[in-house]
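Residue strings, one per chain:
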Amino acid sequence: PNVWLLHEAMNVTAVEMAFFDASPVRNGIRLDWEVEEEDGDVSYNLYREEAEVSDTSMAAKRVKVNEQPITGESPYSYVDRDIIADTKYDYWLEVIEPDSPLQAFGPATATGPPLVKVFELMQNRPNPAVGSTTFAFAIPEAANATLSIYDIKGRKVDTVINGKLDAGQHEVDYSCNLS
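Residues numbered from 1 in each chain as written. Predicted model: local features only at pLDDT ≥ 70, side-chain atom pairs only at ≥ 80, totals over all residues. Heavy atoms only, no water.

Draft legend 1. A look at the pattern of salt bridges. Tallied over the full model, the rule gives six salt bridges. In this structure, aspartate 32 and arginine 30 form a salt bridge, with 2.8 Å as the shortest nitrogen-oxygen distance. Of the residues examined, aspartate 32 reaches a relative accessible area of 16% and is grouped as buried. Aspartate 80 is the partner of arginine 48 in a salt bridge, and the nearest nitrogen-oxygen pair spans 2.5 Å. You can see arginine 48 sitting in strand 4 (residues 43-53) and its partner aspartate 80 sitting in strand 6 (residues 76-80), a full 32 residues away along the chain. No difference in accessibility class separates arginine 48 from aspartate 80, as the two residues are buried. (Salt bridge = Lys/Arg side-chain N within 4 Å of Asp/Glu carboxyl O. Buried < 20%, exposed > 50% of the residue type's maximum accessible area, 1.4 Å probe, protein only. Helix = DSSP H or I, 4+ residues; strand = E, 2+ residues; numbered from the N terminus.)

Given below as structure tokens:
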């Protein structure tokens, strides 16, 4: 991958990147990266390049995507949900390592999922559900929506959503005794 150095230094970070990639998913853009070698206490920040439009020009600015540094073990994954449908984004991955110069990899480029054109209710997952399940659906415009659970005899068991929702893709987790 391309490397974008935040600060120039003679020392090289001990992180050896295998790949850094971005791809659209149902509710955003998924960023995946794998590190072949990490030495020490390493964490990561993700930056997204956004266009700033004014009356006279258009400029790009980098915005930090994650609130807290990303830690864990390789391979890593993060979903950026604060995006606009059908919009192209460039991402950079910043390596944070104590006593080392800041270094970042990128850009990884992806376009947000397409605009929703029709109502769609996807299969809940997992199915069959034991204890909890996730419902995913899409609505083409902002609307009042109700998502209710019915038993096999057609009796209403519970209401999961009842209110105004924005247009686009949605997911809701539902937990109860589903037996």
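Here the narrative resumes.
Draft legend 2. Representation of the sheet that holds strand 3 (residues 28-37). In space, the three strands of this open sheet follow the order 2-3-6, with antiparallel pairing throughout. Of all strands in the sheet, those with a lone pairing partner are strand 2 (16-25) and strand 6, marking the two edges. Shown here is a sheet whose adjacent strand axes are inclined to one another by a mean of 15°, direction ignored. Summarising the sheet, strand 2 and strand 3 pair through nine bridges and their orientation is antiparallel. In the strand pairing of strand 3, proline 24 is matched with isoleucine 29. (Pairing = 2+ DSSP bridges. Axes fitted to C-alpha atoms, helices over the stretch in contact; angles between N-to-C directions.)

Draft legend 3. Spatial organisation of the side chain of glutamate 94. Structurally, the position occupied by glutamate 94 is in strand 7 (residues 88-96). No salt bridge forms around the buried glutamate 94; measuring N to O, its nearest opposite-charge neighbour lysine 64 is 6.4 Å away. In this structure the side chain of glutamate 94 is engaged in a polar contact, spanning 3.3 Å, whose partner is the side chain of tyrosine 47. (Lys, Arg positive; Asp, Glu negative; His and termini not counted. Polar contact = N/O pair within 3.5 Å; in protein donor to acceptor, adjacent residues only side chain to side chain.)

Draft legend 4. Local environment of the packing of aromatic side chains. Applying the stated criterion across every chain yields a total of six aromatic pairs. On the numbers, 5.7 Å between centres and 65° between planes, the contact of tryptophan 33 with tyrosine 44 is edge-to-face. Residue tryptophan 33 is found in strand 3, and its partner tyrosine 44 is found in strand 4; the two are separated by eleven residues along the sequence. Overall, tyrosine 44 belongs to the buried group, its relative accessible area being 0%. Among the aromatic residues, ring-to-ring pairing joins Phe20, Trp33, Tyr44 and Tyr76 into one connected group. (Phe/Tyr/Trp six-rings, centres within 6.5 Å; stacked < 30°, edge-to-face > 60°.)

Draft legend 5. Up close: the pairing of strand 3. Hairpin connection from strand 2 to strand 3: two residues lie between these consecutive antiparallel strands. Both strand 3 and strand 6 contribute to a ladder of five bridges, which runs antiparallel. Within the sheet, the bridge partner assigned to tryptophan 33 lies in strand 6 and is tyrosine 76.

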